[in-house]
Amino acid sequence: MKRWIIGLAAAFALGVPSTAMAQCSINNETPLTMLSNSFEAWKIMSDAMTSCGNFEGTLDADYRLKVNDALAANPAVFSMVGVSNSTLTPLVADGLVRPLNDLVEQYGADLLPSQLITVDGDIVAISMMVNAQHLMYRADILDVLGLDVPETYPEVLEVAAEIQDSGLVDYPLVGTFGAGWNLGEEFVNMYLGYDTPMFTADNRPNVNNEDGVAALEMLKALGEYMDPEYLSFDSTAAQQKMQQSQAAMTNLWATRAAAMDNAEESEVVGMVEFAAAPAAFAGGAPATTLWWDGISIAANISDEEAEAAFKVLLEGIKYDVLSQHPDAAIWLSNPAIESDVAVGAQASAAGGAPAYPSSNLIGIMHNAAGEFIPAYLNGETSAEEALAAMEDAYLTAAQENGLIN
Amino acid sequence: MNNRTFWWFVGPSLFMMVLFIAGPLVGVAVQSFQQQRASFETVERESCTPFGCTTEEATVPITGDDGRIITRTVWVGWDNYAALLNGPAVRNALANPGDALRQLAQIPFWDALRFTVTFALVTLPLVIVLGLLLALAVNTLTEQLKGPTIFVTLLPFIITPVIGALAIRWLFIGDGILTAGLERLLQQEIAMFAQGWTIELMMLGYRVWHVVPFAFVIFYAGLQTVASERLEAAGIDGATRWQKLRHVIVPHLMPLIVFVSLIHLMDSYRVFDEIVGFSASGYRISLQWLTYDFLIPDESGNRSIGRASASAVLTMIGIVVILIPLLRNTWKEQRQA
């Protein structure tokens, strides 16, 4: 029976083509697994780890829905998980990821201090890239029309109007406005751009105000310049609209920047340039949130497995691997990896864009925004009605969880 | 068959049904009256990320000795149902009759209920009529043609629903083949996914296209059992084609029509694939989708299992209610027979 399983596993392993070269400098003998988000940067790391042997990576765009349950199992379903600002918070709160201080001390001499994600002194994740939505625009079109790169959203609207009049592209703008998580993220970005807290000191919601209305009205005004089907657009859809020259400007994730110059799928190679995310108002910080991505190791696995996992993790994010793909992400690495596509995110960070808040509260509001803003954008409700519905939904969910009484 | 043998036969399946159907049903019903709550405290927390270190007040759940969050299960009575049905908002909406429908459509449960019931009731007659017409048409074909025609007709039913929905979406989305073709033909911008009613029409059309083959196969089988003497007799009595259909064939197929209706209503009341496949949730949601939405964790890992259970229970009750007229008819006929 056992031999049969091993045979099957071996056949499976052989059958899966691996594009990774044998980059790994260790020979891993402990069976390891990792669950992570699914985009190019993760594939690069997962492939590098695969070359260490006995490693299986699961890349899944819906990883955030599975990660809590997967780590709560004992033993955990995955030895490692990809995490980010927000997904790490509930894992740390529930004690599902292990402190890595000892392992970092023993093996992590090459890591930068900024790569160590710590909570009250415990190193709970190793980050290797940062990400943010920022402005990507068709430099050729702005040049032809003699327009400056917009720095605020009111300027984006002016530029969009000019592009629309010129008829050079189908739609001046495209955005990740898909109902649900994507639109929720747009709202969080825009609302925080007005520099107003989203919650009161006692965890009550605070979005049904002047800034909330202004944020919604700006989203709607932007929507007027987009393909009318924008409520179903995710990052990939927005990326493709840019690549196929059907839109001239977008506020899109830094990890998608390299795709603009990918000659295999893009018609606009060399024409797209990057800048900081526009500010909500003149003089404001760029209306975007900064994210980091990293890897955590499950608490519910043996110490031996955790040690092996940590060594493989380091192999996956080492300079030799990441520097082969300098444009796939904004890598955190020692020595640093220079990239042409990082300027937008760097400018956003330099402009004072906040990090995406990591708290229990934000997830609820993010969800409510993704659920109730579509009706406003459709013209079915007023901005105040949508914001009131979001606050109601927040209160209901927060009470259920015990966050407020 | 003696009693003992009977129980040996029925026992295992009875056990399975209790374990896998009745058990979970009771579990869901119980959970719909509960909430899982953690206790939260506000602590000063120092955290470091690539963007620097911050010390701030954070609201965090209290954990036990094992490091896991301590949750307690609270019996909340009808709270989950009340939150779902949102009585105050409904009263507000009804207080303003001219605007009531629009305001009701903003409450997720009522919005979902409206779409779900429309979906079930509009697709039903279309599926029955088209299925019957198709069966009658195929029945008149020559023997050589029947096999291939039946196979081709069944294809829509064989396709995995989500895949089918995605295929239709790609045909009709902004720059999809069909939309682009129509735009060229009509010299007019078409955006099928930019407003609710077009998406709703596409979802209705897709479901009819998908389920008609099922009705067709059942009715076609039924047609093989219509006694040819009866049809001949009707013909000799001077019955027209329509009269034969109306007075001989349809009554003969009635039990099958009721069967297809039952299955279709149950299936379509649980509409879900279309919402996901068409990325329609910005415009239209269904009860099943609402339950799913409560169940999946948000960015911070929160989920509403209580409300999801309440929504699931209400969906089950809805199915029973919508089936009552059909079941009552069947029951009456059984008693007469």
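Residues numbered from 1 in each chain as written. Chains lettered and ligands numbered in written order. Predicted model: local features only at pLDDT ≥ 70, side-chain atom pairs only at ≥ 80, totals over all residues. Heavy atoms only, no water.

Enquirer: How would you sum up the overall build of chain A? Please name residues and give values.
Expert: A count of helices and strands for chain A gives 15 helices and 10 strands. Overall, the C-alpha framework of chain A stretches about 65 × 55 × 40 Å when taken along its three principal axes. Sequence separation of 24 or more characterises 72% of the internal contacts of chain A that already satisfy a separation of 6 or more. Taken together, the 13 basic and 55 acidic charged side chains of chain A have centroids lying 13 Å from each other. (Helix = DSSP H or I, 4+ residues; strand = E, 2+ residues; numbered from the N terminus. Contact = heavy atoms within 4.5 Å. Lys, Arg positive; Asp, Glu negative; His and termini not counted. Charge placed at Lys NZ, Arg CZ, Asp CG, Glu CD.)

Enquirer: Tell me what's going on with the interface of chain B and chain A, and back it up with residues and numbers.
Expert: Contact residues are listed per partner, giving 49 residues for chain B and 58 residues for chain A. When chain B packs against chain A, close to 4,400 Å² is buried across both sides, 46% of that on carbon and sulfur atoms. Per-residue buried area on chain B facing chain A is highest for Pro50, Phe51 and Glu299 of chain B; these three make up 17% of the total on that side. Between aspartate 94 of chain A and arginine 68 of chain B there is a salt bridge, with its nearest N and O atoms 3.1 Å apart. Elements represented by at least two residues in the side of chain B that touches chain A include exactly β1 (34-38), β2 (40-49), β3 (52-61), α2 (79-85) and α7 (161-172) of chain B. Among the elements that take part in the side of chain B that touches chain A, β2 of chain B stands out by supplying 7 residues, more than any other. Here the side of chain B that touches chain A is built from residues that sort into 18 nonpolar, 17 polar and 14 charged. Sheet topology places strand β4 (residues 116-119) of chain A next to β2 of chain B; 2 bridges connect them, and they run antiparallel. Paired with valine 119 of chain A across the bridge in β2 of chain B is serine 47 of chain B. (Buried area = accessible area lost by both parts, 1.4 Å probe. Salt bridge = Lys/Arg side-chain N within 4 Å of Asp/Glu carboxyl O. Nonpolar A, V, L, I, M, F, W, Y, C, P; charged D, E, K, R; others polar. Pairing = 2+ DSSP bridges.)

Enquirer: Talk me through the side chain of asparagine 68 of chain A; I want residue IDs and the actual numbers.
Expert: Mapped onto the secondary structure, asparagine 68 of chain A falls in helix α3 (residues 63-72). Judged by relative accessible area, which is 18%, asparagine 68 of chain A ranks as buried. Those residues in contact with asparagine 68 of chain A that lie beyond four places of it in its chain are Pro90, Leu91 and Leu96 of chain A together with Gly301 of chain B. (Buried < 20%, exposed > 50% of the residue type's maximum accessible area, 1.4 Å probe, protein only.)

Enquirer: Give me the lowdown on the confidence of the model for chain B, citing residues and values where you can.
Expert: The predicted model of chain B has a mean per-residue pLDDT of 91, with 100% of residues at 70 or higher. Per-element mean pLDDT across chain B ranges from 87 in helix α8 (residues 177-186) of chain B up to 95 in helix α5 (residues 108-139) of chain B. (pLDDT = per-residue confidence, 0-100.)

Enquirer: Tell me about the packing of α3 of chain A against helix α4 (residues 85-93) of chain A, and please be specific about residues and values.
Expert: All names here are of chain A. Two numbers describe how α3 lies on α4: the axes approach to 10 Å, and their chain directions differ by 15 degrees. Comparing their axes, α4 and α3 come out roughly parallel. Crossing handedness for the pair α3 and α4: right-handed. Touching Tyr63, Arg64, Val67, Asn68 and Leu71 of α3 are Thr87, Pro90 and Leu91, all from α4. The residue makeup of the contact of α3 with α4, split by class, is 5 nonpolar, 2 polar and 1 charged. (Axes fitted to C-alpha atoms, helices over the stretch in contact; angles between N-to-C directions. Parallel < 35°, antiparallel > 145°, perpendicular 65-115°, else oblique. Left-handed = near helix turned anticlockwise from the far one by under 90°.)

Enquirer: Which residues make up unusual backbone geometry, and what values go with them?
Expert: All names here are of chain A. A cis amide bond, omega 0 degrees, links asparagine 74 with the succeeding residue proline 75. Within the secondary structure, proline 75 is located in the loop between α3 and β3 (80-84). For the bond running from asparagine 334 to proline 335, omega is 0 degrees, close enough to zero to count as cis. Looking at the secondary structure, you find proline 335 in the loop between β10 (330-331) and α13 (343-350).

Enquirer: Residues and numbers for the state of the cysteines, please.
Expert: Residue and element names in this part refer to chain B. Here the structure, examined in full by the defined rule, presents 2 disulfides over all chains. In this model, cysteine 48 is linked to cysteine 53 through a disulfide, with the two sulfur atoms separated by 1.9 Å. Between cysteine 48 and cysteine 53 the disulfide shows an S-S torsion of about 110 degrees. By sign, it is right-handed. Residue class for cysteine 48 comes out buried when judged on its relative accessible area of 13%. (Disulfide = S-S within 2.5 Å.)

Enquirer: Describe the domain arrangement of chain A, with residues and values.
Expert: By convention, interface size is frequently given as the accessible area that disappears when the constituent parts associate. Residue and element names in this part refer to chain A. For chain A, the assigned domains are domain 1 (18-131 + 290-347) and domain 2 (132-289 + 349-401). In this structure, domain 1 and domain 2 have C-alpha centres spaced 28 Å apart. Taken residue by residue, the interface counts 19 residues in domain 1 and 23 residues in domain 2. Summed over both partners, the interface of domain 1 with domain 2 comes to about 1,800 Å²; 64% of that surface belongs to carbon and sulfur atoms. Area buried by domain 1 at its contact with domain 2 is led by Asn131, Leu290 and Trp291, which between them contribute 36% of it. Taken together, domain 1 and domain 2 are joined by 0 salt bridges. One can count 13 residue pairs in polar contact (both at pLDDT 80 or more) joining domain 1 with domain 2. If you list the elements that add at least two residues to the side of domain 1 that touches domain 2, you get α4, β9 (290-297) and α13. Counting residues per element, the side of domain 1 that touches domain 2 draws most heavily on α13, which supplies 5 residues. By residue class, the composition of the side of domain 1 that touches domain 2 is 10 nonpolar, 6 polar and 3 charged. (Domains from an automatic or database assignment. Polar contact = N/O pair within 3.5 Å; in protein donor to acceptor, adjacent residues only side chain to side chain.)

Enquirer: So what about a negative patch on the surface? Which residues, and what values?
Expert: Residues and elements named next belong to chain A. A cluster of acidic side chains, namely Asp148, Glu151, Glu155, Glu158, Glu162 and Asp165, defines a negative patch on the protein surface. Relative to the assigned elements, glutamate 162 resides in helix α7 (residues 153-166). A relative accessible area of 44% means that glutamate 162 is categorised as partly exposed. (Patch = residues over 30% accessible without salt bridge, like charges linked within 9 Å, V, L, I, M, F, W, Y side chains within 5 Å. Areas by Shrake-Rupley, 256 points an atom, 1.4 Å probe, with all protein chains shown as cover.)

Enquirer: I'd love a proper account of the packing of helix α8 (residues 181-193) of chain A against helix α14 (residues 360-377) of chain A, names of residues and values included.
Expert: Residue and element names in this part refer to chain A. Their axes nearest at 7 Å, the elements α8 and α14 cross at an angle of 100 degrees. Comparing the axis directions of α8 and α14 gives the class roughly perpendicular. Of the residues in α14, those touching α8 at Trp181, Leu183, Gly184, Glu185, Phe187 and Val188 are Ile362, His366, Ala369, Gly370, Ile373, Pro374 and Leu377. In terms of residue class, the contact of α8 with α14 is built from 9 nonpolar, 3 polar and 1 charged.

Enquirer: Residue-level account of the packing of aromatic side chains, with values.
Expert: Residues and elements named next belong to chain A. Enumeration over the complete set of coordinates arrives at 22 aromatic pairs over all chains. Ring geometry for tryptophan 253 against tryptophan 291: centres 5.9 Å apart, planes inclined by 75 degrees, an arrangement best described as edge-to-face. You can see tryptophan 253 sitting in strand β7 (residues 247-253) and its partner tryptophan 291 sitting in strand β9, a full 38 residues away along the chain. With respect to burial, tryptophan 253 and tryptophan 291 carry one shared label: buried. Three or more aromatic residues joined by ring pairs make a cluster, and in this case those are Trp181, Trp253, Trp291 and Tyr356. (Phe/Tyr/Trp six-rings, centres within 6.5 Å; stacked < 30°, edge-to-face > 60°.)

Enquirer: Before we move on, could you go through the pairing of β7 of chain A and cite the residues and values that matter?
Expert: Residues and elements named next belong to chain A. With respect to burial, β7 is a largely interior element, 7 of its 7 residues being buried. Bridge count for strand β5 (residues 122-138) against β7 is 5 bridges, and the pairing is antiparallel. Counterpart to leucine 135 in the pairing with β7 is asparagine 251. Relative to β7, strand β6 (residues 171-174) is paired through 3 bridges, and the arrangement is parallel. The residue of β7 that forms the bridge with tyrosine 171 is alanine 247.

Enquirer: Describe the nonpolar core, listing the residues and the values that go with them.
Expert: In terms of nonpolar packing, the biggest core is built from 142 residues, with Phe187, Met190, Leu222 and Met390 of chain A touching the most fellow members. Of the residues forming this core, the biggest block, 15 residues, is contributed by helix α9 (residues 196-223) of chain B. Look past the residues within four positions of methionine 390 of chain A in its chain and what remains in contact with it is Phe187, Val207, Met365, Ala368, Ala369, Phe372 and Ile373 of chain A. Of all hydrophobic cores here, the second largest spans 67 residues; its members include Met45, Met80, Ile330 and Ala342 of chain A. (Core = buried A, V, L, I, M, F, W, Y, C linked by side-chain atoms within 4.5 Å.)

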